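What follows is each chain in one-letter form.
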Amino acid sequence: MSIMSGSRGLGALRSRNRRRLLDLLREHGEVSRADLARLTDLSATTVSSLIAELSDEGVVTEAGLDDRRPGRTGRPGRLVQLVGGRGLVVALDIGHDLVRAAVCDLSGAVVSERVWTVDVEADDCLLRIAELVNELADTTAGGRDRVSRLVVAVPGVVETGTGHVVSARMPSWQRLAPGPLLATATGLPTFVENDADLCALGERAFGAALGLNDILHVVASTGIGVGLVLGGRLYRGSNGGAGELGHVQVSEFGDLCRCGNRGCLESQASLDAVLRALRVVHPQARAAPDLARLVAGGDRAAIRAVSDAGTAIGKSVATLCNVLAPQAVVVGGDLAGGGTHLADAVRDAVERYTKPLTAARISVLPAELGHRAAVLGAVVTAVEAELAS
């Protein structure tokens, strides 16, 4: 091994260890150096060196003495915590007619939130979105100088090599690379990620899958995607596009799908498919909030429609579980609104169609963060970008 390649290997190891410490601090809040060493299996010297480095960068600070263990002998250690308010990230979750925005600090605290109605198919939609980001950054306490990054979640494949978005549900975005356009218009370093991927990062760092290293996060909405976190790292595929569960064929002679194939899961179990079926009973059911209200109210038809979709999704998820054997499957998205019926149906299918030994070790959990999942996943992306810079 050359000195150069050995140096890169040591740098990558150090970066991974820094991420592990930050993950633990996000998960536990205040942690002593001794506990950080115990939880990571790193030496006390390595932990002290990394904490000193992060402290010099203003990412962490010491929060006082660890007096939480009665009967402990010796001098108490100092607690370490993330520095709230240091650097802010603007996170956007772009839907089909809504853009959700949040300003968060790097500890995950939400400073402010906004929801805008935006026609994403309009020719000037990116310029409009950039104007809204600038407005939000300018009105943030302390000014836009505190905002370090813009992270954008989109409902489509993001090609890792080019940054192009590929989405059958957003035709005008085909082959569009929104990152450079938004960066130029806002003056902020901009990162664009698939929405299910960011939801997975959010639920792992702040929600239902807190601290788990191997998870599948199912986002069942207009499309059906899976965010994959394997070995503690987001898995995007060789050029993006991993996790497109909605385009698994479940019926050889089923309906045509937006992707051009026939019988895809999305054509049977997406939000649109569920609403279409439900309108036989409830003609007024047109959007996700209508479905959520019916489910929360105990409507039999709505619960049945959601549960049937969950069973179909769960069968495909079970195949992934047999291949990947994750610790947990997290179930969220618009179809999950109003109760746990979607997650319950997915759990039943996973238990039935996954081999018993694997199924016994997998938890199927309702997502906890709701519409905040993607924006909090953006915080994780921003922290990683900060560490890499």
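Above this note sits the structure.
Bear in mind that the values here come from a model prediction, so they are computed numbers and not experimental data. (Residues numbered from 1 in each chain as written. Predicted model: local features only at pLDDT ≥ 70, side-chain atom pairs only at ≥ 80, totals over all residues. Heavy atoms only, no water.)

1. A closer look at the pairing of strand β4 (residues 88–94)
Counting buried residues along β4, seven of its seven residues qualify, which places the element largely inside the surrounding structure. On β4, burial covers both faces: L88, V90, L92 and I94 on one face and V89, A91 and D93 on the other are all buried. In terms of strand pairing, β4 meets strand β5 (residues 98–105) through seven bridges, oriented antiparallel. Opposite L92, over in β5, you have A101 as the bridge partner. The turn joining β4 and β5, which pair antiparallel and follow one another in sequence, is formed by three residues. (Buried < 20%, exposed > 50% of the residue type's maximum accessible area, 1.4 Å probe, protein only. Helix = DSSP H or I, 4+ residues; strand = E, 2+ residues; numbered from the N terminus. Pairing = 2+ DSSP bridges.)

2. Comments concerning the sheet that holds strand β14 (residues 328–332)
Across a sheet, strands are paired by hydrogen bonds formed along the backbone, either parallel or antiparallel in direction. The sheet built from five strands is open, its strands ordered β13-β12-β11-β14-β15 with mixed pairing. The open sheet is flanked by β13 (233–235) and β15 (363–366), the only strands paired with a single partner. Neighbouring strand axes in the sheet, compared pairwise and without regard to direction, differ in orientation by 25 degrees on average. Contacting β11 (215–220), β12 (224–230) and β14, helix α10 (residues 300–324) crosses the sheet at an angle of about 160 degrees to β11. Its contacts with the sheet put helix α11 (residues 341–353) on β11, β14 and β15, and the angle it makes with β15 is roughly 170 degrees. (Axes fitted to C-alpha atoms, helices over the stretch in contact; angles between N-to-C directions. Contact = heavy atoms within 4.5 Å.)

3. A few points about the pattern of salt bridges
Here the structure, examined in full by the defined rule, presents 12 salt bridges. The shortest N-O distance in the salt bridge between E193 and R236 comes to 2.8 Å. Taken together, the residues span a long stretch of sequence, with E193 in strand β10 (residues 190–194) and R236 in the loop between β13 and α7 (265–269) at a distance of 43 residues. A relative accessible area of 10% means that E193 is categorised as buried. (Salt bridge = Lys/Arg side-chain N within 4 Å of Asp/Glu carboxyl O.)

4. Observations regarding the sheet that holds β5
One open sheet holds the five strands; their spatial order is β6-β5-β4-β7-β10, and the pairing between them is mixed. Each edge of the open sheet carries a strand with a single partner, namely β6 (110–117) and β10. Neighbour to neighbour, the strand axes of the sheet diverge by 20 degrees on average, direction disregarded. Examined bridge by bridge, strand β7 (residues 147–154) and β10 share five bridges and lie parallel to one another. Paired with V154 across the bridge in β10 is N194. The strands touched by helix α4 (residues 125–138) within the sheet are β4, β5, β6 and β7, with β6 carrying the most contacts at an inclination of about 150 degrees. This element, helix α6 (residues 195–206), spans β4, β7 and β10 of the sheet and lies at about 95 degrees to β10.

5. Thoughts on the environment of L54
Note on placement: L54 falls in helix α3 (residues 44–56). The exposure class of L54 is buried, given its relative accessible area of 0%. Placed 36 residues apart in sequence, L54 and R18 show a C-alpha to C-alpha distance of 8.2 Å.

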